[in-house]
Amino acid sequence: MNLTFLGTRASVAERNRRHRRHAAALVAYRGTRVMVDAGEDWRGRLEEIAPDAIVLTHGHPDHAFGLADGAPCPVFATAPTWQAIGDYPIGERHTIRYDAPFEIGGIAFVFVPVEHSTRAPAGGYRIVAGEATVFYVPDVVSIHGPKRALRDADLYVGDGSTIERSLVRRVGGRLVGHTPIRTQLGWCAEHGVPRAVFTHCGSEIVAGDERSLGPKVRRLGQERGVEAVIAHDGMEVVLP
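Overview of the structure. (Residues numbered from 1 in each chain as written. Predicted model: local features only at pLDDT ≥ 70, side-chain atom pairs only at ≥ 80, totals over all residues. Heavy atoms only, no water.)

The end-to-end C-alpha separation of helix H7 (residues 210-223) is 19 Å, in line with the 20 Å expected for 14 residues at 1.5 Å each. Those residues of H7 that fall on the buried side of the exposure criterion are Glu210, Leu213, Gly214, Val217, Leu220 and Gly221. Taken around the axis of H7, the buried residues stretch over an arc of 125 degrees, which confines them to a single face. Along H7, exposed side chains directed more than 90 degrees from the buried face belong to Arg211, Gln222 and Glu223. The secondary structure elements touched by the buried residues of H7 are helix H5 (181-191), strand E15 (195-199), helix H6 (203-206) and strand E16 (227-230). Residue aspartate 209 occupies the N-cap position of H7, its side-chain oxygen lying 3.0 Å from the main-chain nitrogen of arginine 211. Downstream of H7 by one or two residues, glycine 225 has phi in the positive range, about 75 degrees. (Helix = DSSP H or I, 4+ residues; strand = E, 2+ residues; numbered from the N terminus. Expected span 1.5 Å × (residues − 1). Buried < 20%, exposed > 50% of the residue type's maximum accessible area, 1.4 Å probe, protein only. Arc of directions from axis to C-beta. Contact = heavy atoms within 4.5 Å. Polar contact = N/O pair within 3.5 Å; in protein donor to acceptor, adjacent residues only side chain to side chain.)

Structural data, given as structure tokens:
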């Protein structure tokens, strides 16, 4: 499996040459190319990516609004996400169910619900191709069933909105927002995930100095026995 980080920026005003476009990834395996998320920054650019399919984590603008003019391929999303983008001119739509596996060209996906937003119910994907397993969750407060989601995962791709400061708040009795990298690394350590990459970078990273922030994230990972890095646009990870 080859994982390319097409974009790594969250819904923030800042951007730089390492984090230019909204967080999106391309999963490639034996000739099949699946794009995960297509935020506003990707509107008008999907043809140049030429994915065989697009899967969406949720309906927020920085994850789904790049499809406003349609899609050059089938799109897979949950029912709440289709409600958020219901009038977009997408020709081939597939509605996915929570925790129900589906396959695209030899790449297996399972949508795992997470806490993040009350208005745009979100999830992550457990992605399996060949011998490799990745859990991809760009926006997260907590994972429903983390033991099952992270079981035998070779790589965790998580929410880089903040490194140590919590961006979690309570709305209507539910927690929403973003859990810091430090806490997510604890999840990885608890469930035996050896590597973590953080995308969906917030202002702290995008407007900060990665010459110091990158080593900080690596140290936080080392404290928990996890190899941890901050992703940047164009970065590739190759898994056996």
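A word on unusual backbone geometry. A positive phi angle is found at aspartate 37, which is not glycine, with a value near 75 degrees. Looking at aspartate 37, the relative accessible area reads 0%, which means it is buried. Of note in the backbone geometry, alanine 50 takes a positive phi value of approximately 55 degrees without being a glycine. With respect to the element layout, alanine 50 can be found in the loop between helix H1 (46-49) and strand E4 (53-55).

Bringing H5 into the picture now. Ile181, Gln184, Leu185, Trp187 and Cys188 are the residues of H5 that are buried. For H5, the arc enclosing every buried residue in end-on projection is 150 degrees, short of the 170-degree limit, so these residues lie on one face. Count one or two residues on from H5 and you reach glycine 192, which has phi positive near 75 degrees.

Val55, Phe109, Tyr125 and Ile127 are the most contacted members of the largest nonpolar core, which totals 30 residues. Setting aside residues no more than four positions away along its own chain, isoleucine 127 makes contact with Met1, Val27, Ile107, Ala108, Phe109, Ala132, Thr133, Val134 and Tyr136. Within the second largest apolar cluster, 29 residues are counted, among which are Phe135, Tyr156, Leu185 and Ile230. (Core = buried A, V, L, I, M, F, W, Y, C linked by side-chain atoms within 4.5 Å.)

Counting buried positions along strand E9 (residues 122-129) gives seven out of eight residues, so the element sits mostly inside the fold. Here strand E8 (residues 107-115) pairs with E9 via seven bridges, running antiparallel. Its bridge partner lying in E9, proline 113 is registered against glycine 123. Bridge analysis of E9 against strand E10 (residues 132-136) gives five bridges, and the strand direction is antiparallel. Bridge pairing in E10 links alanine 129 to alanine 132. (Pairing = 2+ DSSP bridges.)

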